[in-house]
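# Structure assessment
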Amino acid sequence: MSWDSSRAVPWKRLVREWLIYVGIMAVVFVAVFRDRSIVGLLGGLLISGPLYLVIGYVLAKIGYQRKTLKQARAESRKAPQSVTDVSAPRPKPAPTKRTGGGGTARPMSQKRRK
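In this text the structure is predicted, and so the values were computed from the model without any measurement.

All right, on to the pattern of salt bridges then. Scanning the model with the defined rule gives three salt bridges in all. With a closest N to O distance of 2.7 Å, Arg66 and Glu17 form a salt bridge. Residue Arg66 is found in the loop between helix 2 (39-62) and helix 3 (69-77), and its partner Glu17 is found in helix 1 (residues 11-32); the two are separated by 49 residues along the sequence. The exposure class of Arg66 is partly exposed, given its relative accessible area of 37%. Judged by relative accessible area, Glu17 falls into the partly exposed class, the value being 21%. Here Lys67 ties to Glu75 by a salt bridge, and the two come within 2.8 Å at their closest N and O atoms. Accessibility expressed as a relative area gives 48% for Lys67, which makes it partly exposed. Taken together, the shared-partner salt bridges connect Arg13, Glu17 and Arg66 into one network.

Shown next as C-alpha cells:
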C-alpha cells in the first residue's frame, strides 16, 4: 500500500464512530468515577477526537479501509467454502505399527497360550 492523495477519506464515518466512542466512555467514566472529578477524563476524551481523525486520515490515504458491520454480517452468512467436500468419504489413513499395517509382525508370546 502506498500513499495516494486522491483516495477519499470517510469523514462522516470517522466522526460518527468517534462520537459513539466518546458517548459510551463518558457514561462509563461517570458511572465508575462518581465521587471524583472527571473533568480531566472528559478533556482527554475530547483531545482523542483530533488524534482519531488524523490517524483515520492517514490510514485512508494509505488505502486501509475497515469493513462495515453490514459487510461483516454478509460474509458470515455466506456458506464457507471449505477445502474438503463434506459429502466425499475420508481417505484411509496410512498404516502404522499400531494398526498392524507397517513394521514387523509381533510374535505371539508363550504366556498367552495356556
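Contact geometry for helix 1 and helix 2: axes closest at 10 Å, N-to-C directions at 155 degrees. The orientation of helix 1 relative to helix 2 falls into the category roughly antiparallel. Our pair here, helix 1 against helix 2, has a crossing hand that is right-handed. Counting all contacts with helix 1, which are made through Trp11, Leu14, Val15, Glu17, Trp18, Tyr21, Val22, Met25, Ala26 and Phe29, the residues of helix 2 involved are Leu41, Leu42, Leu45, Leu46, Ser48, Gly49, Tyr52, Leu53, Gly56 and Tyr57. Among the residues forming the contact of helix 1 with helix 2, the class breakdown is 16 nonpolar, three polar and one charged.

The end-to-end C-alpha distance of helix 1, which contains 22 residues, comes to 31 Å, matching closely the 32 Å that a straight helix rising 1.5 Å per residue would cover. All of the buried residues in helix 1 are Arg13, Leu14, Trp18, Val22 and Phe29. Angularly, the buried residues of helix 1 cover 160 degrees about the axis, an arc narrow enough to put them on a single face. In helix 1, the exposed positions that point more than 90 degrees away from the buried face belong to Lys12, Ile24 and Val27. Elements that come into contact with the buried residues of helix 1 comprise helix 2.

A few words on the layout of surface pockets. Counted as a void, the largest pocket has a volume near 290 Å³. In terms of lining, the largest pocket is formed by 15 residues, of which the most central are Leu14, Gly56, Tyr64, Gln65 and Arg66. The element that contributes the greatest number of residues to the lining of the largest pocket is helix 2, accounting for five residues. In the lining of the largest pocket, the residues fall into eight nonpolar, three polar and four charged. There is about 160 Å³ of room inside the second largest pocket. Forming the boundary of the second largest pocket are Arg13, Arg16, Glu17, Arg66, Lys67, Thr68 and Leu69. Ranked by residue count, the leading element in the lining of the second largest pocket is helix 1, at three residues.

Rules behind the numbers
Residues numbered from 1 in each chain as written. Predicted model: local features only at pLDDT ≥ 70, side-chain atom pairs only at ≥ 80, totals over all residues. Heavy atoms only, no water. Salt bridge = Lys/Arg side-chain N within 4 Å of Asp/Glu carboxyl O. Helix = DSSP H or I, 4+ residues; strand = E, 2+ residues; numbered from the N terminus. Buried < 20%, exposed > 50% of the residue type's maximum accessible area, 1.4 Å probe, protein only. Axes fitted to C-alpha atoms, helices over the stretch in contact; angles between N-to-C directions. Parallel < 35°, antiparallel > 145°, perpendicular 65-115°, else oblique. Left-handed = near helix turned anticlockwise from the far one by under 90°. Contact = heavy atoms within 4.5 Å. Nonpolar A, V, L, I, M, F, W, Y, C, P; charged D, E, K, R; others polar. Expected span 1.5 Å × (residues − 1). Arc of directions from axis to C-beta. 1 Å grid on protein atoms, 1.4 Å probe; cavity = no way out; pocket = protein on both sides within 12 Å on 5 of 7 lines; lining within 4 Å. Points joined across faces, edges and corners; volume = space filled by probe spheres on them.

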